[in-house]
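Now for the letters of each chain:
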Amino acid sequence: MASPDNAPDRPTAHAHPRFAEALRELGLDVEVRRFPDATRTAAEAAAAIGCSLDQIVKSLVFAADGVPVLVLLDGASRVDLERVRAELGAAEVRRADAALVRETTGYAIGGVPPFGHRTRTRVLADRGLLRHGVVWAAAGTPHTVFALDPETLTGHAGATLADVREREA
């Protein structure tokens with residue numbers, strides 16, 4: 001018999017259990033939507049949801065001088081590694097491999113949410129996310145997403161707002 005915490009009619013029933021617990025701990029009442037096809041990429045998520053690509057929040061893990069850092073960025077943009085390096089005062093910033101992403105967050109690439117991670121990690125959020133009333137992010141699996149206003153999302157992520165996306169040409 002399913003417990004009330006994971007019953008299919010609960011809004012967080014489709015979330016990864018660790019992420020569902022984080023939502024409960026934060027007192028957030030959000031609906032987690034599950035899609036039959038993967039929403040692993042920002043383009044897949046935007047198409048499934050029916051929103052613009054820049055309303056998708058990418059949760060990307062990097063290693064800054066070997067220390068994991070999470071960068072939150074809109075789905076239409078790319079991370080500027082030099083801007084991240086300068087923001088962190090690091091000598092080197094590189095994209096984390098799948099093993100480091102899972103070790104740090106507890107989630108697989110394509111399903112990393114903006115908070116609710118296995119370990120506390122420094123978080124940078126691109127200021128561009130604040131242009132929207134609502135943004136969509138992964139809920140711990142490559143098939144699940146949730147919506148939240150960007151101020152609340154970045155606040156619960158413990159993010160520092162920064163300009164970390166590539167400049168437009």
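Residues numbered from 1 in each chain as written. Predicted model: local features only at pLDDT ≥ 70, side-chain atom pairs only at ≥ 80, totals over all residues. Heavy atoms only, no water.

Colleague: Help me get a handle on the overall build of the chain, residues and values and all.
Modeller: Each helix and strand counted, the chain has five helices and eight strands in total. For the chain, the sequential pattern of α-helices and β-strands runs α-β-α-β-β-α-β-α-β-β-β-α-β. Compactness check: the chain gives a C-alpha radius of gyration of 15 Å against a globular reference of 15 Å for 169 residues, within 12% of the reference. If one aligns the C-alpha atoms of the chain with their principal axes, the spans along those axes are about 55 × 30 × 25 Å. Element-wise, carbon and sulfur atoms account for 49% of the exposed surface of the chain, whose accessible area totals about 8,400 Å². (Helix = DSSP H or I, 4+ residues; strand = E, 2+ residues; numbered from the N terminus. Rg over C-alpha atoms; globule rule 2.2 N^0.38 Å. Areas by Shrake-Rupley, 256 points an atom, 1.4 Å probe, with all protein chains shown as cover.)

Colleague: An account of the packing of aromatic side chains is needed here, citing residue identities and associated values.
Modeller: The full count for this structure, using the stated rule, is three aromatic pairs. Ring geometry for Phe-19 and Phe-115: centres 5.4 Å apart, planes at 35°, overall tilted. Remark: Phe-115 occurs in the loop between helix H4 (98-105) and strand E5 (122-126) and Phe-19 occurs in helix H1 (residues 17-26); sequence separation between them is 96 residues. A relative accessible area of 0% places Phe-19 in the buried class. With 6.0 Å between their ring centres and 70° between their planes, Phe-115 and Phe-146 make a pair best called edge-to-face. Of this pair, Phe-115 sits in the loop between H4 and E5 while Phe-146 sits in strand E7 (residues 144-148); the two residues are 31 residues apart in sequence, bridging distant segments of the chain. (Phe/Tyr/Trp six-rings, centres within 6.5 Å; stacked < 30°, edge-to-face > 60°. Buried < 20%, exposed > 50% of the residue type's maximum accessible area, 1.4 Å probe, protein only.)

Colleague: Any details on the pairing of strand E2 (residues 56-64)? Residues and values, ideally.
Modeller: Counting buried positions over the nine residues of E2 gives eight, a clear majority of the element. Two strands pair when backbone bridges link them, and E2 and strand E3 (residues 67-74) are joined in this way by eight bridges, in the antiparallel orientation. By the bridge assignment, Leu-60 is partnered in E3 with Val-71. Inspection of the sheet shows E2 paired to strand E4 (residues 93-95) by three bridges, in the antiparallel sense. Each bridged residue has a counterpart across the sheet, and for Ala-64 the counterpart in E4 is Val-93. (Pairing = 2+ DSSP bridges.)

Colleague: How would you summarise unusual backbone geometry if you had to cite specific residues and measurements?
Modeller: Phi is positive for Asp-65, which is not a glycine, with a value near 50°. The topology assignment puts Asp-65 in the loop between E2 and E3. Accessibility expressed as a relative area gives 44% for Asp-65, which makes it partly exposed.

Colleague: Requested: an account of H4, with residues and values cited.
Modeller: Regarding H4, the residues found buried are Leu-100, Val-101, Thr-104 and Thr-105. The buried residues of H4 occupy an angular sector of 105° when projected down its axis, which confines them to one face. Summarising the geometry of H4, the exposed residues directed more than 90 degrees from the buried face are Ala-98, Ala-99 and Glu-103. The positive-phi residue at the C-terminal boundary of H4 is Gly-106, with phi of around 90°. (Arc of directions from axis to C-beta.)

Colleague: Give me H1: which residues, what numbers.
Modeller: Of the residues making up H1, those classed as buried are Phe-19, Ala-20, Ala-22 and Leu-23. Taken around the axis of H1, the buried residues stretch over an arc of 160°, which confines them to a single face. In H1, the exposed positions that point more than 90 degrees away from the buried face belong to Pro-17 and Glu-25. Looking at the packing, one finds that the buried side of H1 touches strand E1 (32-34) and E7. Gly-27, located one to two residues past H1, shows a positive phi value of around 70°. (Contact = heavy atoms within 4.5 Å.)

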